[in-house]
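# Descriptive analysis of the structure
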Amino acid sequence: MKDINIVPLIIRMREGDTEAFQELYHATKDYTYRLIYFLATNKQDTADIMSEVYLELFRVWEKYDPEQPFHAWLNGIIVRQVRNWKRGIWRKFRLLERVKSHSGEESSICLEGQFDAIYAQMEVLPAVEQLSLKLKEVIVLRYMHDYSLQEIASMLNIPIGTVKSRHHLALKQLRRYVGEQIEERGETSYVH
């Protein structure tokens, strides 16, 4: 998906070529579906949210700046539509548990190392599903799509400090969740 050259399609769309948008849809639909599916709380809403993404994309495609990467722009639309969908359906607030944890640079580095090991074993996916949408967005964009924290801040239109805070909190919650799962299985290490 990162390799798609959108500029020729945008030029064709600006010239009134109706097939260009269909080509754009076919080039991005699988990627879009997977990202929505992973971010959506209710998986059965994925197709509906995907329709909303492409309606929004059709509505705002003229605002796309060819100087910026298309995938980042599309990801921004996807994340906003997932948020909008969730806001429209649920009007409740979630309180995050206060978790006792170690603080400091050393534990942060250790925590990221543990996260990488867990992720490699695909143990973290159920844990990611337990995160709030805002935390899940940061984790998915950071670890599934390899965006920097600065790129995520730009995509989500929030300060870098907020992204760092969400990233840290998400890692802390993932560590706790996976630790509990490992403890339940009677294992003593994150790495098998």
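Per chain, residue numbering runs from 1 following the sequence as it is written. Per-residue local features of the predicted model are confined to residues with pLDDT of at least 70, and side-chain atom pairs are confined, for both listing and counting, to 80 or more; whole-chain, interface and lining totals are unaffected and use all residues. Each side-chain value is derived from all of the structure's non-hydrogen atoms; neither hydrogens nor water enter the calculation.

### Side note on helix α7 (residues 133–144)
- Burial of α7 is extensive: 9 of the 12 residues sit out of reach of the surface.
- We call a residue buried when its accessible area falls under 20% of the maximum for its residue type, exposed when it is over 50%, and partly exposed in between, using a 1.4 Å probe and counting protein chains only. The way it works is that DSSP assigns letters per residue, a run of H or I at least four long becomes a helix, a run of E at least two long becomes a strand, and they are numbered from the N terminus. Within the sequence span of α7, burial applies to Leu-133, Leu-135, Lys-136, Glu-137, Val-138, Ile-139, Val-140, Leu-141 and Tyr-143.
- In the stretch just after α7, Asp-146 is the one whose phi turns positive, near 60°.

### What about the confidence of the model for the protein?
- Summing up the model confidence of the protein, the mean pLDDT is 76 and the portion of residues at 70 or higher is 73%.
- Within the protein, helix α5 (residues 105–120) has the poorest average pLDDT of any element, 45, and helix α2 (residues 18–39) the best, 91.
- Note on residues 90–111: pLDDT is under 50 here. Beyond four places in sequence and across chains, it has 17 contacts. Every residue carries a pLDDT, the predictor's confidence in it, which falls somewhere between 0 and 100. We call two residues contacting when some pair of their heavy atoms lies within 4.5 Å.

### Re the pattern of salt bridges
- Here, a salt bridge means any Lys or Arg side-chain nitrogen found within 4 Å of an Asp or Glu carboxyl oxygen. One pass over the full model with this rule turns up 8 salt bridges.
- The closest approach of N and O atoms between Glu-180 and Arg-176, which form a salt bridge, is 3.6 Å. A residue pair is termed a helical-turn pair when its members lie 3 or 4 positions apart in one helix, as Glu-180 and Arg-176 do in helix α9 (residues 160–185) at 4 residues.
- Here Glu-180 falls in the partly exposed class, since its relative accessible area comes to 39%.
- Take Arg-176: its relative accessible area is 25%, and that puts it in the partly exposed class.
- Three or more residues joined by partner-sharing salt bridges are found here, namely Arg-12, Asp-17 and Glu-23.

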